Amino acid sequence: MAAPSKAALAKWEKLREFALSLPGAVEEHPWGETVVKANKKIFVFLGVDDGSHPLGMGVKLTDESTHAHALTSPGAQPSGYGLGKSGWVQLPVAGKGAPRVDLLCEWVEESYRAVATKKLVAELDAR
């Protein structure tokens, strides 16, 4: 697989930086993939950025209309390993018709709010 474009990598990096800017967020690398957690719970799967797989992200979208909207993105699909049943969506970060970075960041924040503690969400709301 070809290496991701500079624009695609920049978009992926913006998502990573946004996720890490949220209260209590920490980056970990289980299975060799990048994930960001709050309160020991993953709120965004960022996969790998080495070109071995297309750049993408997985987020938990519990709002029905947001979830449905995310699934209309080209290449979007319910996440594997049974996570799709709990509202997890896998989305391509780059490519034709991929959502804009600001919309992807909104979805990262929604996913964060779904897994973070009330205290962390209150800290975010106080910003």
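Report follows, based on the coordinates.

What about the nonpolar core?
- One finds F43, V44, M57, L91, W107 and V108 to be the most contacted residues of the largest nonpolar core, which totals 31 residues.
- Secondary-structure elements contributing two or more residues to this core are α1 (6-21), β2 (34-38), β3 (41-47), β4 (56-60), β6 (88-92), α3 (101-115) and α4 (118-125).
- Take this core: its biggest share by element is 7 residues, from α3.
- The residues contacting L91, other than those within four sequence positions of it, are G56, M57, V59, A70, S73, A76, L104 and W107.

Brief notes about the packing of α3 against α4
- Where α3 meets α4, the closest approach of the two axes is 8 Å, and the angle between their N-to-C directions is 140 degrees. For the pair α3 and α4, the contacting residues are E109, Y112 and R113 in the first and L120, V121, L124 and D125 in the second.
- For the contact of α3 with α4, a count of residues per class yields 4 nonpolar, no polar and 3 charged.

Considering the packing of aromatic side chains
- Scanning the entire structure with this criterion turns up 3 aromatic pairs.
- Geometrically, the ring pair formed by W31 and F45 is stacked, given 6.3 Å between the ring centres and 25 degrees between the ring planes. Residue W31 is located in the loop between β1 (25-28) and β2, and its partner F45 is located in strand β3; the two are separated by 14 residues in the primary sequence.
- Taking the relative accessible area as the measure of exposure, F45 reaches 17% and is therefore buried.
- Aromatic side chains F45 and W88 sit 5.3 Å apart centroid to centroid with 75 degrees between the ring planes, which places their arrangement in the edge-to-face category. Pair noted here: F45 is in strand β3 and W88 is in strand β6, with a separation of 43 residues, a long-range link.
- Under the relative-accessibility criterion, W88 is labelled buried at 7%.
- Among the aromatic residues, ring-to-ring pairing joins W31, F45 and W88 into one connected group.

About the criteria used
- Residues numbered from 1 in each chain as written.
- Predicted model: local features only at pLDDT ≥ 70, side-chain atom pairs only at ≥ 80, totals over all residues.
- Heavy atoms only, no water.
- Core = buried A, V, L, I, M, F, W, Y, C linked by side-chain atoms within 4.5 Å.
- Buried < 20%, exposed > 50% of the residue type's maximum accessible area, 1.4 Å probe, protein only.
- Helix = DSSP H or I, 4+ residues; strand = E, 2+ residues; numbered from the N terminus.
- Contact = heavy atoms within 4.5 Å.
- Axes fitted to C-alpha atoms, helices over the stretch in contact; angles between N-to-C directions.
- Nonpolar A, V, L, I, M, F, W, Y, C, P; charged D, E, K, R; others polar.
- Phe/Tyr/Trp six-rings, centres within 6.5 Å; stacked < 30°, edge-to-face > 60°.

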